[in-house]
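Survey of secondary and tertiary structure
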2 protein chains.
Amino acid sequence: MSMGPLPAASPSLARLVQELHKLPGIGPKSAQRLAYHLIRLPEDEALALADAITSVKRNVIFCQDCQNLTDISPCSICQEPRRNQGQICVVEDPLDVMALERTHCYDGLYHVLHGVISPLNGVTAHDLKLGDLFKRLEAGSVEELVIATNPTLEGEATSMYIRRHLEGRDIRITHLARGLPVGGSLEYSDDQTLRRAFQGRQEL
Amino acid sequence: MSMGPLPAASPSLARLVQELHKLPGIGPKSAQRLAYHLIRLPEDEALALADAITSVKRNVIFCQDCQNLTDISPCSICQEPRRNQGQICVVEDPLDVMALERTHCYDGLYHVLHGVISPLNGVTAHDLKLGDLFKRLEAGSVEELVIATNPTLEGEATSMYIRRHLEGRDIRITHLARGLPVGGSLEYSDDQTLRRAFQGRQEL
C-alpha cells in the first residue's frame, strides 16, 4: 500500500514524520507512530531528544590516539592509567569497543578503524584509520596487537592487510578465536561467546 | 542479555542512545545503531531532525473545531469550504484521519477523540475530546455522525457511549461497515468478523 502524500493539516508534523522516515529501519508507519509519540510527550522530554542530537553533533570528536568517538581527546579509555599500554585491540567501529568492554576480559587499549577494506564499496585502506594505527605502533611500546575485525570477508582482508604491513616487525599479532560464527557480526554476539573468543585468541 | 552500562567514552553519545531507547519500539541495539547513524550524517541532516522535533513541540496545537493536531486553528480540513459541513466522522486519533483521507471517499469534517474509553487503563469519557464533540453537535447543523472508532472492545464501548448520549436527538448516526477485509480470506477470518459480514450481507 502506498502511503500517499501526508495531508497538510500540520506541516511541522509532516516534516517530523519525513525526517524520522529517513532513519535506517524506520518505515513510514513507524515514523508516524514515533512522531505522534513525540507530540504526546511532555515538552521537556521531547526536547531532551532534540538536544541530545544537537549535542552529539557539537561535542563528539575522534580520540587523537585510538580514533574512537569521544567528547574529550584523548578519550577516557586512553587516559585510564591502569590499562595495559602494551596491547592494542583493532576494531571496525565504536560499537565493537562497547561490546568488548562489556566482556570485562580485556584491559589494553583500542584502535577504531571506522570501517573495513571493501573494494566493492569503494573503501580502500586510505579511507580507514590505518595510518594512525601504524604511526602508534612506530612508537615501539606495543607488544601485542589483537585484531578484532569481524569474521567476514572484508574483516579478514583488513586483518591480512595489517599483518602484511607489519611483517618482520617485533609485535605479537593475534586475532579473536574462531568461536565466532563465520559470517556473523561481532556487534551482535552474546557476551559469553565474545568472552570465549577473546580468551582463546590465537597466534597469527 | 543485559547491555550493561555504556562506557563513558562519550557522555553525549551515551545520552543520545539513552534518549533514543526511550522511544516506543526502539531497543538498546537499535538505539545504538540510530545514534551512530546520526553521528555519521552530515551535520545539517542530523540537525534537521533535532529541529523538526523542536518545531513540532512549538507549533503543533489542537484544532479548535475538530481537535486534530495542526499548526493553525481551525485546521486546513475544517477551513476547506468545499467540505460537507453536515457530516462529522469521529475517530480515535490523528493517524485515523490520515488513513481515511487517503481513501478519497469522504468529504465531510472530522472529530478526533485522542483515545478511547478504557476503564482498565484509567481512561474515562472525561479524558477524551467528547465534550467538544457534543458542543459541536449543539449548533445543530450536523446531519450525520459517522462513528469510526476501531472495531475493538474499547472502540465499541466508546461508540456506545456516544450513541447513548445522543439518544432522541435528530442526528443520523452510522458506523463503518464490519465485514471481510478486501484481499482477505473467508477461511482465515475470525468467527466474529464472519458473523458480522454475513449479517451485513449486501444486495448484488
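Since the structure is predicted, the reported quantities are computational estimates derived from the model, not experimental observations.

**Observations concerning the packing of aromatic side chains**
Residue and element names in this part refer to chain A.
- Taken as a whole, this structure holds 2 aromatic pairs over all chains when the rule is applied.
- Geometrically, the ring pair formed by Y106 and Y110 is edge-to-face, given 5.3 Å between the ring centres and 70° between the ring planes. Note on accessibility: Y106 and Y110 belong to one class, buried.
- Across from the ring centre of F62, 4.0 Å away, lies the NZ or CZ of K129, which sits over that ring.

**Focus: the packing of helix 3 (residues 43–59) of chain A against helix 1 (residues 11–21) of chain B**
- Between helix 3 of chain A and helix 1 of chain B, the shortest axis-to-axis distance is 9 Å and the interhelical angle comes to 150°. Between helix 3 of chain A and helix 1 of chain B, the angle is such that the two are roughly antiparallel. Crossing geometry of helix 3 of chain A relative to helix 1 of chain B is assigned as left-handed. Within the contact between the two elements, helix 3 of chain A uses E45(A), A48(A), L49(A), D51(A), A52(A), I53(A), S55(A), V56(A) and N59(A) and helix 1 of chain B uses S12(B), L13(B), R15(B), L16(B), E19(B) and L20(B).
- Partitioning the contact of helix 3 of chain A with helix 1 of chain B into residue classes produces 8 nonpolar, 3 polar and 4 charged.

**Looking at the pattern of salt bridges**
- Evaluated as defined, the whole model comprises 10 salt bridges over all chains.
- Two residues, E19(A) and K22(A), come together in a salt bridge whose shortest N-O distance is 3.3 Å.
- Judged by relative accessible area, K22(A) falls into the exposed class, the value being 53%.
- Via salt bridges that share partners, E156(B), R178(B) and R196(B) belong to a single interconnected network.

**What about the interface of chain B and chain A?**
- With 58 residues of chain B at the contact, the number on the chain A side is 63 residues.
- Note on chain B versus chain A: buried area summed over both sides is about 5400 Å², and carbon and sulfur give 66% of it.
- Remark: the boundary between chain B and chain A carries 2 salt bridges.
- The shortest N-O distance in the salt bridge between R15(A) and D51(B) comes to 3.2 Å.
- Taken together, chain B and chain A are joined by 12 residue pairs in polar contact (both at pLDDT 80 or more).
- Only helix 1, helix 2 (28–40), helix 3 (43–59), strand 2 (69–70) and helix 5 (94–103) of chain B provide two or more residues apiece to the side of chain B that touches chain A.
- Broken down by element, the residue count for the side of chain B that touches chain A peaks at 15 residues, all from helix 3 of chain B.
- Split into classes, the residues belonging to the side of chain B that touches chain A amount to 32 nonpolar, 12 polar and 14 charged.

**Quick notes on the domain arrangement of chain A**
- In terms of domain boundaries, chain A breaks down into domain 1 (11–43) and domain 2 (69–177 + 195–199).
- Put simply, the middle of domain 1 of chain A and the middle of domain 2 of chain A, counted by C-alpha atoms, are 37 Å apart.

**Brief notes about the pairing of strand 5 (residues 144–147) of chain A**
All names here are of chain A.
- Of the two faces of strand 5, the one lined by E144 and V146 and the one lined by L145 and I147 are each fully buried.
- With 4 bridges connecting them, strand 3 (residues 84–91) and strand 5 associate as parallel partners. Residue pairing for strand 5: I88 is matched across the bridge by L145.
- Note: strand 5 against strand 6 (residues 172–175), 4 bridges, orientation parallel. Paired with V146 across the strands is T174, a residue of strand 6.
- Handedness of the crossover joining strand 5 and strand 6 through helix 7 (residues 153–165) is recorded here as right-handed.

**Quick notes on the state of the cysteines**
Residues and elements named next belong to chain B.
- If you walk through the whole model with that rule in mind, you get 0 disulfides over all chains.
- Here C63 stays free of any disulfide, with the sulfur of C66 as its closest cysteine sulfur at 3.8 Å.
- The class of C63 is buried, set by a relative accessible area of 0%.
- Among the cysteines around C89, which has no disulfide bond, C105 carries the closest sulfur, lying 9.2 Å off.
- Judged by its relative accessible area of 3%, C89 is buried.

**Topic: helix 3 of chain A**
- Compared with an ideal rise of 1.5 Å per residue, which puts 17 residues at 24 Å, helix 3 of chain A spans 24 Å between its outermost C-alpha atoms and is within 8% of the ideal.
- Along helix 3 of chain A, the residues classified as buried are A46(A), A48(A), L49(A), A50(A), A52(A), I53(A), T54(A), S55(A), V56(A) and K57(A).
- Considering only its buried residues, helix 3 of chain A is in contact with helix 2 (28–40) of chain A together with helix 1, helix 2 and helix 3 of chain B.

**Here's the deal with the confidence of the model for chain A**
Residue and element names in this part refer to chain A.
- Mean pLDDT over chain A stands at 88; residues scoring 70 or higher make up 94%.
- Across chain A, strand 4 (residues 108–112) holds the top mean pLDDT of 96, while strand 7 (residues 202–203) sits lowest at 69.
- Interface confidence in the predicted complex, given as ipTM, is 0.71; pTM for the same model is 0.70.

**Details of unusual backbone geometry**
Residues and elements named next belong to chain A.
- A cis amide bond links S73 with the next residue in sequence, P74, at an omega value of -5°.
- As for its position among the elements, P74 is in the loop between strand 2 (69–70) and helix 4 (76–79).
- Non-glycine residue Q67 carries a positive phi angle of around 70°.
- Following the sequence through the fold, Q67 ends up in the loop between strand 1 (61–62) and strand 2.
- The exposure class of Q67 is buried, given its relative accessible area of 6%.

About the thresholds
- Residues numbered from 1 in each chain as written.
- Chains lettered and ligands numbered in written order.
- Predicted model: local features only at pLDDT ≥ 70, side-chain atom pairs only at ≥ 80, totals over all residues.
- Heavy atoms only, no water.
- Phe/Tyr/Trp six-rings, centres within 6.5 Å; stacked < 30°, edge-to-face > 60°.
- Buried < 20%, exposed > 50% of the residue type's maximum accessible area, 1.4 Å probe, protein only.
- Lys NZ or Arg CZ within 6 Å of the ring centre and 35° of its normal.
- Axes fitted to C-alpha atoms, helices over the stretch in contact; angles between N-to-C directions.
- Helix = DSSP H or I, 4+ residues; strand = E, 2+ residues; numbered from the N terminus.
- Parallel < 35°, antiparallel > 145°, perpendicular 65-115°, else oblique.
- Left-handed = near helix turned anticlockwise from the far one by under 90°.
- Contact = heavy atoms within 4.5 Å.
- Nonpolar A, V, L, I, M, F, W, Y, C, P; charged D, E, K, R; others polar.
- Salt bridge = Lys/Arg side-chain N within 4 Å of Asp/Glu carboxyl O.
- Buried area = accessible area lost by both parts, 1.4 Å probe.
- Polar contact = N/O pair within 3.5 Å; in protein donor to acceptor, adjacent residues only side chain to side chain.
- Domains from an automatic or database assignment.
- Pairing = 2+ DSSP bridges.
- Right-handed = clockwise from strand over helix to strand, strands pointing away.
- Disulfide = S-S within 2.5 Å.
- Expected span 1.5 Å × (residues − 1).
- pLDDT = per-residue confidence, 0-100.

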